[in-house]
Amino acid sequence: MSVSDQIATNLPYLRRYARALTGSQQSGDTYVRATLEAALADNALRDEIAASRAALYGAFTRIWSTGHVEDQGLGGSGERHEQAAHTRLARIAPTHRQALLLTTVEDFSRDDTASILGVTPVDVDVLVDQAIAEIDAESATEVLIIEDEPLISMQLEGLVSELGHKVVGTAATHSQAVDIFERHPAGLVLADIQLADGSSGIEAVEDLLKFADVPVIFITAYPERLLTGERPEPTYLVTKPFQEATVRAAISQALFFGSSKPLA
């Protein structure tokens, strides 16, 4: 596989990771762009990232950890959210969140995660434990689940309850989601994108965000429908079939930033 093909294959997933790490699509894409520009200017780096997906993420991590990339995405309607996200990141060491995202959302092995972060596998275990402790310490909130498959809905409801949150309702259609949210505004939404009656979970979320700015995590078997680069993309995206640890990581990140601004 050529360098360009290797990067093209992994780019949507690196962008997903960057968004979850930084808290916004614009900021995440700024760091991804800086990584690609560095590779274009450095033949050795270009050869390195062509070797494996882990090498690409390792190069991104080095760029991101310097913090010297000028972010052009802090203006416009997203300014308040993105400034708040950067303020929180400035106060909290991010390495444990990186370890959790890499091992769950991005599904890297313990050894690959250690290589990406420049630490030992034992260090990875410690960092993930710290991230889990952060999840457990999160303030409880109310959660709306938009999912048309009963077994998956029940699984998510159980997971959310185990984390100490309250499920205000589960919806299988667009109209049900809006009805529940109008009666019981939630502090977090978990949403599929293809619902029982053929309606769209994306459109349902757009309607919910007219009532309140709440973090949204999309959980779908069709991530490519949201990773097109043609419109603002969700910050938090989990692919089915999912690991419960992946959903836990996404919930932690979404509540950490307090807002996801997933759609225009």
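Structure's up top.
The rules behind each value
Residues numbered from 1 in each chain as written. Predicted model: local features only at pLDDT ≥ 70, side-chain atom pairs only at ≥ 80, totals over all residues. Heavy atoms only, no water. Helix = DSSP H or I, 4+ residues; strand = E, 2+ residues; numbered from the N terminus. Contact = heavy atoms within 4.5 Å. Areas by Shrake-Rupley, 256 points an atom, 1.4 Å probe, with all protein chains shown as cover. Buried < 20%, exposed > 50% of the residue type's maximum accessible area, 1.4 Å probe, protein only. Pairing = 2+ DSSP bridges. Right-handed = clockwise from strand over helix to strand, strands pointing away. Salt bridge = Lys/Arg side-chain N within 4 Å of Asp/Glu carboxyl O. Axes fitted to C-alpha atoms, helices over the stretch in contact; angles between N-to-C directions.

**Side note on the overall build of the protein**
When you go through the protein residue by residue, the secondary structure sums to 12 helices and five strands. Across the protein, the fraction of contacts at a sequence separation of at least 24, relative to all contacts at a separation of at least 6, is 71%. On the protein, roughly 11,700 Å² of surface is accessible, and the fraction owed to carbon and sulfur atoms is 51%.

**Things to note about the environment of proline 94**
Mapped onto the elements of the fold, proline 94 is located in the loop between α5 (79-91) and α6 (95-103). Sequence separation of proline 94 and leucine 21 is 73 residues, and the distance between their C-alpha atoms is 8.3 Å.

**Overview of the environment of serine 24**
Along the polypeptide, serine 24 turns up in the loop between α1 (3-22) and α2 (25-41). Considered as a pair, serine 24 and tyrosine 236 are 212 residues apart in the sequence and their alpha carbons are 9.4 Å apart.

**A look at the pairing of strand β3 (residues 188-191)**
Consecutive side chains along a regular strand alternate between the two faces of the sheet. Both faces of β3 are covered, namely the face carrying Leu188 and Leu190 and the face carrying Val189 and Ala191. With four bridges connecting them, strand β1 (residues 142-146) and β3 associate as parallel partners. Bridging from a neighbouring strand, isoleucine 145 pairs with leucine 190 of β3. Bridging between β3 and strand β4 (residues 216-220) involves three bridges; their strand directions are parallel. Note that in β4 the partner of leucine 190 across the bridge is isoleucine 217. Regarding topology, helix α11 (residues 201-208) serves as the crossover connection from β3 to the parallel β4, and that connection is right-handed.

**Regarding the pattern of salt bridges**
A full pass over the atoms with the stated rule returns 10 salt bridges. Note that glutamate 106 and arginine 53 form a salt bridge whose closest N and O atoms lie 2.8 Å from each other. Of the two residues, glutamate 106 is situated in the loop between α6 and α7 (110-117) and arginine 53 in helix α4 (residues 53-66); the sequence distance between them amounts to 53 residues. Salt bridges here are not isolated pairs; linked through shared partners, they connect Arg16, Arg53 and Glu106.

**A short note on the pairing of β4**
Buried residues dominate β4, accounting for five of its five residues. Alternating residues of β4 divide into Val216, Phe218 and Thr220 and Ile217 and Ile219, and every residue in both groups is buried. With four bridges joining them, β4 and strand β5 (residues 236-239) adopt parallel strand pairing. Along β5, the bridge assignment pairs phenylalanine 218 with leucine 237.

**Details of the sheet that holds β3**
Taken together, the five strands give an open sheet; going across it, the order is β2-β1-β3-β4-β5, and neighbouring strands pair in parallel fashion. Of all strands in the sheet, those with a lone pairing partner are β2 (166-171) and β5, marking the two edges. Taken pair by pair, the neighbouring strands of this sheet meet at an average axis angle of 20 degrees, ignoring direction. Where helix α9 (residues 150-162) meets the sheet, its contacts fall on β1, β2, β3 and β4, and the angle it forms with β2 comes to roughly 165 degrees. Across the face of the sheet, α11 comes into contact with β1, β3 and β4 while running at roughly 170 degrees to β4.

So far we have only geometry, and geometry alone does not tell us how the molecule works.
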